[in-house]
Amino acid sequence: MKRKRKIITVAIDSPAAAGAGTQAKYIAQEYNLAYLDTGKIYRFIGNLRLKKRKNFNYKLVRSKIDKLSEHDLRKKNLLEDSVAISAAIIAKDKKIRKIIKKFQTKYAYNPPQKYYGSVLDGRDITSVIMKRAMFKFYITANIKIRAKRRYLEFRSMKKKITYNEVLKSLKNRDYLDKNRKYSPLKKTKDSILINTSKLSKKACFMKIKSIMDKRLNN
Ligand code: C5P
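What comes next concerns the included structure. (Residues numbered from 1 in each chain as written. Predicted model: local features only at pLDDT ≥ 70, side-chain atom pairs only at ≥ 80, totals over all residues.)

### Some details on helix α5 (residues 81-90)
Applied cut-off: To sort residues by burial, count the other C-beta atoms lying within 10 Å of each one's C-beta; a count of 20 or more means buried, 12 or fewer means exposed, and anything in between means partly exposed. C-beta atoms are built from the backbone. By definition, any uninterrupted DSSP run of H or I lasting at least four residues is a helix, any uninterrupted run of E lasting at least two residues is a strand, and each is numbered from the N terminus. The contact rule is simple: place each C-beta atom from the backbone, and if two of them lie within 7 Å, those residues are in contact.
For α5, the full list of buried residues reads V83, A84, S86, A87, A88 and I90. Next to the buried residues of α5 lie α2 (38-52), α6 (94-109) and α9 (163-179).

Rendered as structure tokens:
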């Protein structure tokens, strides 16, 4: 897809619960960029698979993606762990990825006019969706730290889940996401590695901001 105007493009990949969403939101706010959490699209389709069971098919996925709105992605039930696992299952499917890719590419390179550009986070953003992004980051953290953060999130939402269940689920998703045949999660050579294990959210953002400002001010 051709870029229609000069925009700032930021691509972020990360394993689950590494803090990429938080950083993407900070970046979006700081630089007035449109933000797309691509995991939510996979969760939306993963949820559709759970609801429709035998009636789940490509035609249905295509029609849902054609009509997809940001409102659809804000639904609370998409945060459930069962939906995340279902998302990782449908995410292995090449055809489904292709359908979702169109939506993401359009958003990435033609964000709404009021924004100066876009920031997307997911698993294949630096490697497939935004290969030509101006900035590419790979955000990660130690698995136990990620599990603890996600566990505390679930607890604040009053979800009944133990730390060990969260850890097991994240390990399972890491495995599925890194080992699938199409668009596996990996750090591309041109991505900057940010490890959030020992950094606060703000400290992590200051690191990202200094990298971005250096380039943007040149
Ligand atoms: O980021 P989040 O944890 O919400 O993503 C849910 C699942 O969606 C991931 O575990 C992954 O399997 C899939 N996904 C993907 N590619 C993306 C974003 C998410 O395969 N760009």
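### Considerations on the site of the ligand
We count it as follows: As a rule, any residue with its backbone-derived C-beta atom within 6 Å of a molecule or strand is reported as near that molecule or strand. Throughout, the ten residues Ala, Val, Leu, Ile, Met, Phe, Trp, Tyr, Cys and Pro are labelled nonpolar, Asp, Glu, Lys and Arg are labelled charged, and all others, Gly among them, are labelled polar.
If you check the shell around the ligand, you find 15 residues, and the closest are G39, Y42, A88, A91 and G122. Elements with a minimum of two residues in the shell around the ligand: α2, α5 and α9. Ranked by residues supplied to the shell around the ligand, first place goes to α2 with four residues. By residue class, the composition of the shell around the ligand is seven nonpolar, three polar and five charged.

### Some points on the nonpolar core
Stated formally: To define a nonpolar core, we join buried Ala, Val, Leu, Ile, Met, Phe, Trp, Tyr and Cys residues through C-beta atoms within 7 Å and take the resulting set.
Within the largest apolar cluster, 35 residues are counted, with the highest numbers of intra-cluster contacts made by V10, I12, V119 and L120. Not counting chain neighbours up to four residues away, the residues in contact with V10 comprise I27, L33, V119, A133, M134 and F135. Judged by nonpolar contacts, the second largest core, of 14 residues, contains I41, V83, A88 and A91.

### Examining α6
The line we're drawing: Multiplying 1.5 Å by the helix residue count minus one yields the expected span of that helix. Values of bend correspond, residue by residue, to the angle between axes fitted over the seven residues ending at that residue and the seven starting there.
Over its 16 residues, α6 runs 22 Å from end to end, which matches the ideal 22 Å to within 8%, given 1.5 Å per residue. The largest bend along α6 measures about 25 degrees and falls at K101. Where α6 is concerned, the buried positions are I96, I100, Q104, A108 and Y109.

### Examining the packing of α5 against α9
Filter applied, for reference: Angles here are taken between N-to-C directions and fall from 0 to 180 degrees, while the axes themselves are lines fitted to C-alpha atoms, restricted in helices to the stretch in contact. Convention used here: angles under 35 degrees read as roughly parallel, angles over 145 as roughly antiparallel, angles from 65 to 115 as roughly perpendicular, and any remaining angle as oblique. Here a crossing is called left-handed whenever its near helix is offset anticlockwise from the far helix by less than a right angle, and right-handed whenever the offset is clockwise.
At their nearest, the axes of α5 and α9 sit 10 Å apart, and the two run at 15 degrees to each other. Classified by the angle their axes make, α5 and α9 are roughly parallel. Both α5 and α9 take part in a crossing whose hand is left-handed. Along the contact surface, α5 presents D81, A84, I85 and A88, while α9 presents S169, R173, L176 and D177.

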